[in-house]
Amino acid sequence: MEARVGRVVVALMGVLLVAVGSVAVVAPVPVFTTYRQPVVVLVAVLFVVVALAWRPPALLRRAVASRWTAPAVAVAGGWVAVVVATSLRFPWSWDLGAVHQIARVLYAGEPLSPWRVGYLSRYPNIHLLVDLHRSTLWVEERTGWAADTVLVVLVALAAGAGTWLVHPLVAPVAGRVRAVAAQLVVLALVATSPWVAVPYTDVLALPLVTAAVLLVLRASRRRDPLAVVQLLASAALAALAIALKTTPLVLLVAVAVVGLLAAVDARASRREVLAVVGGTLTWLVVTLGLVLALTGAATRAVGDVGLREGASPPPLWWVANGMTPVASPGHPTRYGGYNGVMLAAVADLDREAATRWSAEWIEARYAGEGVGGLARFYATKAAWNWGDGMFWAWGEGRDARPETLRPADGLAGWVRDVDGPHGRWYPVRSDLAQGLWIAVVVLAGMGALGTRSPPREVVLLPLTLLGVAAFTLLSQGRSRYLLTFVPLVVALAAMVAPRVTGRRRP
């Protein structure tokens, strides 16, 4: 049962990845970054060919398999991320700017404006991030380190941690060589990304999600006291990730399904079944309990600022938002992106009225588009979400305006030439990232479709990623929301990518 369902799950993920990878090559959906398609296709093909056909020489394989290589790559990833993060510091706008200004006002003990109170009331999931920003102001006051520097260094360290964690996730399934290759890909896609200079939730949650997956898998393979420690640590990290960002909620479903499949495995003894069921239920209960505790503590830490209960949009509003395209002059269409008009329409409604309004909006969209029109919309949205190797970098608020990132000298100037939206080398850099990302997606999809007997690691990863795909498809989304899960996509590709040498894989 576990093997059969596992094959179906992995195959579904393979179909999705091959489909979005093919669209990204043949007919890409415009995203915020403008890619030069011939260059992107050439880079993607080169990466795929190297991954399939190149077998490193024995000396290189021995060096890569050394126990010191993985830590060295992780340290390099952290160092690169710190350099990029500190070199790209710029004034924050959009939600990040609002969060930081609210944190400054709260830290100063001043009253919040009605707009800021309304913002905190609408988005209770942002309270933990506000508390984090406020804590860096405490550090600034006592050490002299600027709060924005502390924040971007934290994000950079999170990127470095993600570079490290992908290795122990991949190595038991695919070996150390592929594990180090996965580290290098995460380093290229995350540690060098402009997002490391943005102390928002995406990169901060990245190592939490990866570590939670790693530890729950390790716990599932053990039957000793250390398994309990790993299980509880995984639950704590997953809870922190969920309290910080909503999308990691998909871990709850993924872990529950994998636990259920393991429990109904015909080969398992009664004792093993009880251990799996007990461990899965414990993980779910502890995770949910900690999520409630963390979110409650974060809201209490914000203080008595006059938050309005029930002001956040109801779940159905997010579905309505997720099925609505947004167009603005000079920018590509956003499929289910932030819609200020829709938010304003429910801002003064109670949750029941906002739910009715959302249902009527959904009915109107269905009546206007029909089944075929909505199917085309969601297919385009999936390609839009998954077909952007820069993950919507510089696409929020005023980030891309020329005056946001000023020219600089020395190392900072070089980094801005490469990673800045108007930098001299940014087109080359973004084309390389896009080609690499498409190669990863295609390799993961091809390998998933060819996997016959997936181990538990290869089932949990696609389940999580399918959950993220569904979340970003049905609700508000864009490629930035996938950034948190990049190590899992890369790990899946490393685990299942085919080998033309014919060596066995899962």
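All values reported here derive from a predicted model rather than from experimental measurement.

Quick notes on the rules
Residues numbered from 1 in each chain as written. Predicted model: local features only at pLDDT ≥ 70, side-chain atom pairs only at ≥ 80, totals over all residues. Heavy atoms only, no water. Helix = DSSP H or I, 4+ residues; strand = E, 2+ residues; numbered from the N terminus. Rg over C-alpha atoms; globule rule 2.2 N^0.38 Å. Buried < 20%, exposed > 50% of the residue type's maximum accessible area, 1.4 Å probe, protein only. Contact = heavy atoms within 4.5 Å. Areas by Shrake-Rupley, 256 points an atom, 1.4 Å probe, with all protein chains shown as cover. Core = buried A, V, L, I, M, F, W, Y, C linked by side-chain atoms within 4.5 Å. Phe/Tyr/Trp six-rings, centres within 6.5 Å; stacked < 30°, edge-to-face > 60°. Lys NZ or Arg CZ within 6 Å of the ring centre and 35° of its normal. Polar contact = N/O pair within 3.5 Å; in protein donor to acceptor, adjacent residues only side chain to side chain. Patch = residues over 30% accessible without salt bridge, like charges linked within 9 Å, V, L, I, M, F, W, Y side chains within 5 Å. Salt bridge = Lys/Arg side-chain N within 4 Å of Asp/Glu carboxyl O.

(A) Molecular detail of the overall build of the protein chain. Of regular secondary structure, the protein chain possesses 20 helices and 2 strands. Whereas a compact globule of 506 residues would reach a radius of gyration of roughly 23 Å, the protein chain reaches 23 Å, a difference of no more than 12%. Structurally, the protein chain occupies a C-alpha span of about 65 × 60 × 55 Å along its principal axes. Taking all 506 residues of the protein chain together, 53% fall into the buried category. Put simply, of all contacts in the protein chain between residues at least 6 apart along the chain, 80% involve residues at least 24 apart. By element, 66% of the accessible surface of the protein chain is carried by carbon and sulfur atoms, the whole surface being about 22,000 Å².

(B) Structural view of the nonpolar core. Counting 149 residues, the largest nonpolar core has Ile126, Leu169, Trp283, Trp386 and Leu492 as its most contacted members. By size, the runner-up hydrophobic cluster in this structure holds 5 residues, among which are Val48, Ala439, Leu443 and Ala497.

(C) Structural context of the packing of aromatic side chains. Under the criterion given, the structure shown has 13 aromatic pairs. Taking the centre distance of 5.1 Å and the plane angle of 65° together, the rings of Tyr119 and Tyr123 count as edge-to-face. Accessibility classification places Tyr119 together with Tyr123 in one group, the buried group. An aromatic cluster is present here, built from Phe32, Tyr335, Phe377, Tyr378, Trp384 and Trp392 joined pairwise through their rings. If you follow Lys245 out to its NZ or CZ, it ends over the ring of Tyr481, 4.9 Å from the centre. Over the face of the ring belonging to Phe377 we find Arg365, whose NZ or CZ atom lies 5.4 Å from the ring centre.

(D) The side chain of Arg134, seen in detail. As for its position among the elements, Arg134 is in helix 7 (residues 127-143). At 2.2 Å, the side chain of Arg134 forms a polar contact with the backbone oxygen of Ala301. When residues no more than four places from it in sequence are discounted, the contact partners of Arg134 are Ala103, Leu106, Tyr107, Ala301 and Val302.

(E) Structural detail: the environment of Arg134. You can call Arg134 buried: its relative accessible area is 17%. Counting along the chain gives 70 residues from Arg134 to Val64, while the straight-line C-alpha distance between them is 42 Å.

(F) Spatial organisation of a nonpolar patch on the surface. A cluster of nonpolar residues, Val50, Trp54 and Leu60, forms a patch on the protein surface that exposes about 290 Å² of accessible area. Take Leu60: its relative accessible area is 37%, and that puts it in the partly exposed class.

(G) Geometry of the pattern of salt bridges. By the definition in use, this model includes 12 salt bridges. Notably, a salt bridge pairs Asp202 with Arg480, separated by 2.9 Å at the nearest N-O pair. Here the residue Asp202 occupies a position in helix 10 (residues 201-220), and Arg480 occupies one in the loop between helix 19 (456-474) and helix 20 (486-496), the gap between them amounting to 278 residues. Taken as a pair, Asp202 and Arg480 share a single burial class, namely buried. Residues participating in the shared-partner salt-bridge network are Asp202, Lys245, Glu396, Arg478 and Arg480.

(H) Structural detail: the environment of Ala188. By secondary structure assignment, the location of Ala188 is in helix 9 (residues 176-191). Take Ala188: its relative accessible area is 28%, and that puts it in the partly exposed class. If near-sequence neighbours (up to four positions away) are discounted, Ala188 is found in contact with Arg429 and Leu436.

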